[in-house]
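Each chain is listed here by its residues.
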Amino acid sequence: MLNEKMKNALTDQVNEEFYSAYLYLSMSAYFSKIGLKGFANWMMVQYKEEVDHGMKMFNYILSRGEDVKLHTIKEPPTEWESPLQVFEETLNHEQHITERINYLIDVAEEVKDRATYNFLQWFIDEQVEEEENDREIIDRLKFIGDNGNGLFMLDRDLGTRTYTPLTNEEA
Ligand code: OFO
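Our subject in this report is the structure included herewith. (Residues numbered from 1 in each chain as written. Predicted model: local features only at pLDDT ≥ 70, side-chain atom pairs only at ≥ 80, totals over all residues. Heavy atoms only, no water.)

1. So, the overall build of the chain
Link 1 in the chain: Scanning the chain for helices and strands turns up five helices and zero strands.
Link 2 in the chain: Helices and strands appear in the chain in the N-to-C order α-α-α-α-α.
Link 3 in the chain: Radius of gyration (C-alpha) of the chain: 17 Å, near the 16 Å computed for a compact globule of 171 residues.
Link 4 in the chain: Oriented by its inertia axes, the alpha-carbon framework of the chain measures out at about 55 × 30 × 25 Å.
Link 5 in the chain: Out of the 171 residues belonging to the chain, those deemed buried represent 45%.
Link 6 in the chain: Sequence separation of 24 or more characterises 82% of the internal contacts of the chain that already satisfy a separation of 6 or more.
Link 7 in the chain: Of the accessible surface of the chain, which amounts to about 9,400 Å², a share of 51% is contributed by carbon and sulfur atoms.
Link 8 in the chain: Seen as two clouds, the 17 positive and the 34 negative side-chain charges of the chain have centres 2 Å apart. (Helix = DSSP H or I, 4+ residues; strand = E, 2+ residues; numbered from the N terminus. Rg over C-alpha atoms; globule rule 2.2 N^0.38 Å. Buried < 20%, exposed > 50% of the residue type's maximum accessible area, 1.4 Å probe, protein only. Contact = heavy atoms within 4.5 Å. Areas by Shrake-Rupley, 256 points an atom, 1.4 Å probe, with all protein chains shown as cover. Lys, Arg positive; Asp, Glu negative; His and termini not counted. Charge placed at Lys NZ, Arg CZ, Asp CG, Glu CD.)

See the structure below:
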């Protein structure tokens, strides 16, 4: 059993995570279209990780004996002006998700739900890592500026990112 407010907040977060997945899938399509295959790969890995986040949240609600009413996922944007703009938007979005996770923790504390409080710690660590990754890529893109060679090298680096599924304990 979950407190009603807690359950609703977690269910909204399932939607937020699947929207994140959609957003990054759309960004992956944008990068493919402009010929940056490595950037497209990076965003495709990000998409898969967000699906894992959504499923982790979904499975947790079920594990507490609740049903899950899924909401409509809103449509993501499809066009950006530059790779830098994409990653600035990605960082903004992750900062929004961090605020959401902090809100969920506030609710868990308010309703004295220790299990959910513990469950959310994984997401806190994940958010630190995600924001750091985005900042690093933004810094590199700013350093590169209009240098085509630099962009080519970054594209090659981002193309090496691989998806690692969550372990059984994490999922
Ligand atoms: Fe990007 O961490 Fe989930 O949303």
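Alright, that's what it looks like, and here's the rest.
2. Quick notes on a negative patch on the surface
Link 1 in the chain: Together, Asp125, Glu129, Glu132, Glu136 and Asp139 make up a region of like negative charge exposed at the surface.
Link 2 in the chain: Positionally, Glu129 belongs in helix H4 (residues 114-144). (Patch = residues over 30% accessible without salt bridge, like charges linked within 9 Å, V, L, I, M, F, W, Y side chains within 5 Å. Salt bridge = Lys/Arg side-chain N within 4 Å of Asp/Glu carboxyl O.)

3. Topic: the nonpolar core
One recurring pattern in soluble globular proteins: nonpolar side chains tend to sit buried together.
Link 1 in the chain: Of all hydrophobic cores here, the largest spans 21 residues; its most connected members are Met27, Phe31, Phe39, Met43, Val86 and Phe87.
Link 2 in the chain: Of all the elements in the fold, those that place two or more residues in this core are helix H1 (4-33), helix H2 (37-63), helix H3 (83-110), H4 and helix H5 (148-158).
Link 3 in the chain: In terms of residue count, H1 provides more of this core than any other element does, six residues in total.
Link 4 in the chain: With sequence-adjacent residues up to four places away left out, Val86 is seen in contact with Met27, Tyr30, Phe31, Met43 and Trp80.
Link 5 in the chain: Tyr60, Ile61, Val68 and Ile101 belong to the second largest nonpolar core, which has 19 residues in total. (Core = buried A, V, L, I, M, F, W, Y, C linked by side-chain atoms within 4.5 Å.)

4. Here's the deal with H4
Link 1 in the chain: Given a rise of 1.5 Å per residue, 31 residues ought to cover 45 Å, and the 46 Å separating the end C-alpha atoms of H4 matches this to within 8%.
Link 2 in the chain: Where H4 begins, the capping side chain belongs to Asp113, and its oxygen is found 3.3 Å from the backbone nitrogen of Ala115.
Link 3 in the chain: Among the residues trailing H4, Gly145 stands out with phi positive, at a value near 55°. (Expected span 1.5 Å × (residues − 1). Polar contact = N/O pair within 3.5 Å; in protein donor to acceptor, adjacent residues only side chain to side chain.)

5. A word on the pattern of salt bridges
Link 1 in the chain: Within this structure, the stated rule accounts for nine salt bridges.
Link 2 in the chain: The residue Glu79 makes a salt bridge to Lys33 at a minimum N-O spacing of 2.5 Å. Here Glu79, found in the loop between H2 and H3, pairs with Lys33, found in helix H1; they are 46 residues apart in sequence, far enough to count as distant. Each of the two residues, Glu79 as well as Lys33, counts as exposed.
Link 3 in the chain: When salt bridges that share partners are traced, they join Lys7, Glu66 and Asp67 into one network.

6. Remarks on the packing of H1 against H3
Link 1 in the chain: For the pair H1 and H3, the least separation of the axes is 10 Å and the interaxial angle reads 170°. Overall, the two elements H1 and H3 adopt an arrangement that is roughly antiparallel.
Link 2 in the chain: Classifying every residue of the contact of H1 with H3 gives 18 nonpolar, five polar and eight charged. (Axes fitted to C-alpha atoms, helices over the stretch in contact; angles between N-to-C directions. Parallel < 35°, antiparallel > 145°, perpendicular 65-115°, else oblique. Nonpolar A, V, L, I, M, F, W, Y, C, P; charged D, E, K, R; others polar.)

7. Things to note about the side chain of Arg161
Link 1 in the chain: Along the chain, the position of Arg161 falls in the segment after H5.
Link 2 in the chain: Among the polar contacts made by the side chain of Arg161, one reaches the main-chain carbonyl oxygen of Trp42 at a distance of 3.2 Å.
Link 3 in the chain: Engagement of the side chain of Arg161 in a polar contact is seen with the side chain of Gln46, the distance being 2.9 Å.
Link 4 in the chain: Discounting chain neighbours no more than four positions away, the residues touching Arg161 are Asn41, Trp42, Val45, Gln46 and Glu49.

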